[in-house]
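# Results of the structural survey
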Amino acid sequence: MSLFRCVLLFAVLLIAPDVRAISTILNYQGSLTDGGLAANGPYDFQFQLTDNFGNPIGAAITVLDVGVVSGVFTTRIDFLDSFGGADTKLEISVRAGGSAGAFTTLSPSTPIDPTPYAQVSAFSEYSASTQSVSDNAITEPGIATGAVSSRTVAAAAITSVKLAPAAVTNAAIADGAVNAQKIASLSITSAQISSGSIGTAQLAVNAVTTAEIAPNSVKLADLDGVEGTALVSSSLLPSACADQSTSLPGAVVGDYPVLVLQPNAVLPFGVTVTALNASVANSVIVRICNFSSVTVNLVNLPVKLFTLR
């Protein structure tokens, strides 16, 4: 039986120029003696990674008919991702090339120098990938402030289901970032609009039409005026008119007044009642005219007044 002896000359990782594409191939060169003499010719080798206790790591790799010249041989072996960072040894077995006999395990095993673990360091930049991080493993406290930017977020990656209620504030929205194309039809309701947040500066000319206004949704208070009720009384000769000042709290000088009769009011034939102007604060001038041929006495005619400004 041949007595084999193998001495490791060097073993290095073949590293591509781009660190993101590091190879896992181990370039192994050794010196083999057979029966005390430098080996020559083809030999079969079997390589097995083990831990410090001799337990195998991954599957063994067999390389057949490796040419050995004056005892020196070189081969390439690829253990893929078997280098996990712990101390690792390389167990080598050999037999004559072209034979079907058993492999002879060489002793001692060869310690693997730190060089192969360069892949662990290189991959650390990309450790937060689906290959190494389980779902939901990274929580909010584990993300540094400013670590996520528009450059690191894919287009359309963030949807409404990924945003907590009120998570996006005014400070998080750049000026001009939200336009009509980013707002779905009917997606903004009155509940999402704070009081006073929309002014004339936020509305384009002709932007609001009757189609955008629900029935009964606009009240006098929305037109910046005031409203109130009053009782009008006057005694008028035929073809005569009379003006009277009627109280309307909140009216300001220059308001445009409008007068309507209350539902229970009865206006005599030939008589008109009109609001003229707000010439004094908190009041409106009301004009009563009698176009009939008889004297008319109005007593507490109920009217409703409101102003526009």
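The structure we're discussing is the one just above.
Presented here is an overview of the structure given in this document. Note that this is a predicted model, so its numbers are computed, not measured.

### Things to note about the overall build of the chain
Counting its regular elements, the chain contains one helix and 15 strands. Taken across its 309 residues, the chain has 25% of its residues classed as buried. For the chain, the proportion of contacts with a sequence separation of at least 24, taken over those separated by at least 6, is 66%. For the chain, the accessible surface area stands at approximately 20,500 Å², while carbon and sulfur atoms represent 57% of it.

### Let's talk about the state of the cysteines
With the rule as written, the count across this model stands at one disulfide. Two residues share a disulfide in this structure: Cys 241 and Cys 289, whose sulfurs sit 2.0 Å from each other. Measuring the twist about the S-S bond at about 115°, one finds the Cys 241-Cys 289 disulfide to be right-handed. In this pair, Cys 241 is assigned in strand E11 (residues 240-247) and Cys 289 in strand E14 (residues 283-290), connecting sequence segments 48 residues apart.

### Remarks on the sheet that holds strand E12 (residues 256-261)
Working definition: the strands of a sheet are paired by backbone hydrogen bonds and lie parallel or antiparallel to each other. Spatially, E10-E15-E12 is the arrangement adopted by the three strands of the open sheet, whose pairing is antiparallel. Of all the strands in the sheet, the pair left with one neighbour each is strand E10 (227-236) and E12. Neighbour to neighbour, the strand axes of the sheet diverge by 40° on average, direction disregarded. Across nine bridges, the pairing between E10 and strand E15 (residues 296-308) is antiparallel. Considered in E15, the bridge of Ala 230 is made with Val 303.

### Some words on the packing of aromatic side chains
Counted by the stated rule, this structure contains four aromatic pairs. Judged by centre distance (4.3 Å) and plane angle (25°), the ring pair of Phe 45 and Phe 73 falls under stacked. With Phe 45 in strand E4 (residues 41-50) and Phe 73 in strand E6 (residues 72-78), this residue pair connects regions lying 28 residues apart in the sequence. As far as burial versus exposure is concerned, Phe 45 and Phe 73 are alike and both buried. Ring pairs connect the aromatic residues Tyr 28, Phe 45, Phe 47 and Phe 73, which therefore count as one cluster.

### Describing the sheet that holds E11
The sheet built from three strands is open, its strands ordered E11-E14-E13 with antiparallel pairing. Looking at the sheet topology across the chains shown, the edges are occupied by E11 and strand E13 (271-277). For this sheet, the mean angle separating the axes of adjacent strands, direction not counted, is 25°. Where E13 and E14 come together, six bridges link them in antiparallel fashion. Along E14, the bridge assignment pairs Thr 272 with Cys 289.

Conventions and cut-offs
Residues numbered from 1 in each chain as written. Predicted model: local features only at pLDDT ≥ 70, side-chain atom pairs only at ≥ 80, totals over all residues. Heavy atoms only, no water. Helix = DSSP H or I, 4+ residues; strand = E, 2+ residues; numbered from the N terminus. Buried < 20%, exposed > 50% of the residue type's maximum accessible area, 1.4 Å probe, protein only. Contact = heavy atoms within 4.5 Å. Areas by Shrake-Rupley, 256 points an atom, 1.4 Å probe, with all protein chains shown as cover. Disulfide = S-S within 2.5 Å. Pairing = 2+ DSSP bridges. Axes fitted to C-alpha atoms, helices over the stretch in contact; angles between N-to-C directions. Phe/Tyr/Trp six-rings, centres within 6.5 Å; stacked < 30°, edge-to-face > 60°.

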